[in-house]
Amino acid sequence: MSFTDTISQFIGQRQLLSRDGGPCLVALSGGADSVCLLLVLRQLGYAVEAVHCNFKLRGQESDRDEQFVISLCREKNVGIHLTHFDTKTYASVHKVSIEMAARQLRYAYFEQLRQDIGAQAICVAHHQDDSAETVLMNLIRGTGLHGLTGIKPRNGHVVRPLLCVSRSEIERWLKEQRQPYVTDSTNRVPDVVRNRLRLQVLPLLRDITPSATANILSTARRLEEAGRVYDEAVGQQLRDLKNADSIDIRQLLGQPSPESLLFEWLSPFGFSPAAIEAICRRLPDAQAGRQWRSSTHQLTIHQGHLILHLLQPELPALRVPEPGTYVYRQEARLRVERREGACILRDAHTACLDASEVCFPLTLRPVQNGDRFRPFGMKGQKLVSDYLTDRHISLPEKRRQLVLTDASERILWLVGHRPDGRYTVTDSTATTLIIEYVFLS
């Protein structure tokens, strides 16, 4: 089978492109891989348009690449879209690496352009050697099963028609076509992980076993098949175990592979493989209240369950200078009213206090470490944290618990629970301070 027939068959088998589905947008750097992709798709009868990004990272070489792709597209009568990026500034502002900045910039631009011109797909020129490098890179970084399956032919609107051929086959075909291309000098410097794998590790592996790349890709394909079985089994187990964002620890530990289940549950929320391994190791003897955090989520042990929740920003304080109605964080209303005589309203959302015992301004704030109050109906003071624990309030809920204090920072009311018994209404109360906290619908 010829080189172009191999690619045509791969496109058809993976349903990557359609000849009547609109233009194909080809990411054209000017290197061998992208030039090959553009010309092959054109020979196969697909409507193609090129897109070239100048990241302004290699000085004259970047400008040389741009002029090359302009000339190539002019020669082949292919439409081209050009854009320039200030990659270093973007990386600095967004606090990411130059490599990540370039990736984010180009793929965001590709997708916007795809929508603007109605392209059916964004075609990029990853090939078999790239996929083998990705497997090795994920392996040494630490990854789950899916990280060892290589580069996927399709990711949304991004397709990779050259994953069925190798770099050497691409270069041989271009030589047969007498088609020149440009070379990115930074690809020949072993300064980043992928370059070191490409220039040092894979050649050494091929010296040991000439079929190393093919064997890596063969293993990746088998792992992809195994992954489908794994996904179905683990997915069903997680559906059986999970109750909203909670999992029973005892039931989890009774499964054949608790760590695999934890990995599939927690890794999408930013927990690293090492963190998940540590969590699993501590589960048999972990105490209530133990918690672990990723950059976005927190995992907490509460009443024999693992509870996952989104990290919330610290709750603000609300100053209440006088009676009236106040809105807290656009989600709740605090109403403070004076009423003559002794008035008692039995409602968890309402506190009735002796106005003579309360000194304004009041403050509505989250609970702090060491907060104490004397719960109405109980003798002696109690830590707010202990009071909430006794009522089986989870740690995430504790962190969002509010108290109302007066000018002397005395806790008047544990909002939604109990007032402090020292400030509640008695038979001798002349004026009642009625405080209501209700969530807005």
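Preceding this section is the structure that the text describes.
Below, the structure is looked at part by part. (Residues numbered from 1 in each chain as written. Predicted model: local features only at pLDDT ≥ 70, side-chain atom pairs only at ≥ 80, totals over all residues. Heavy atoms only, no water.)

## A word on the pattern of salt bridges
With the rule as written, the count across this model stands at 24 salt bridges. With its nearest N and O atoms 3.5 Å apart, the salt bridge here joins Lys 76 to Glu 75. Residue class for Lys 76 comes out buried when judged on its relative accessible area of 19%. By relative accessible area, Glu 75 is classed as exposed at 59%. (Salt bridge = Lys/Arg side-chain N within 4 Å of Asp/Glu carboxyl O. Buried < 20%, exposed > 50% of the residue type's maximum accessible area, 1.4 Å probe, protein only.)

## Considering the sheet that holds strand 1 (residues 24-27)
Taken together, six strands build an open sheet; the order of strands is 3-2-1-4-6-5 and the sheet is mixed. Unpaired on one side and paired on the other, strand 3 (79-84) and strand 5 (154-155) mark the two borders of the sheet. Where strand 1 meets strand 2 (residues 48-54), four bridges bridge the pair, whose relative direction is parallel. Directly across from Cys 24, in strand 2, lies its bridge partner Val 48. Of the strands in this sheet, strand 1, strand 2, strand 3, strand 4 (121-123) and strand 6 (158-159) are in contact with helix 5 (residues 98-117), which crosses strand 2 at around 150°. (Pairing = 2+ DSSP bridges. Helix = DSSP H or I, 4+ residues; strand = E, 2+ residues; numbered from the N terminus. Contact = heavy atoms within 4.5 Å. Axes fitted to C-alpha atoms, helices over the stretch in contact; angles between N-to-C directions.)

## Points about the nonpolar core
In terms of nonpolar packing, the biggest core is built from 39 residues, with Ile 7, Leu 17 and Leu 41 touching the most fellow members. Looking at this core, the elements that each hand over two or more residues are helix 1 (3-13), strand 1, helix 2 (32-43), strand 2, helix 3 (60-76), strand 4 and helix 7 (167-176). By residue number, the principal contributor to this core is helix 2, which donates eight residues. Apart from the residues within four sequence positions on either side, Leu 41 is in contact with Ile 11, Leu 17, Val 26, Tyr 46, Val 48 and Cys 123. In this structure, Ala 351, Ala 355, Leu 402 and Tyr 423 belong to the second largest nonpolar core, which totals 24 residues. (Core = buried A, V, L, I, M, F, W, Y, C linked by side-chain atoms within 4.5 Å.)

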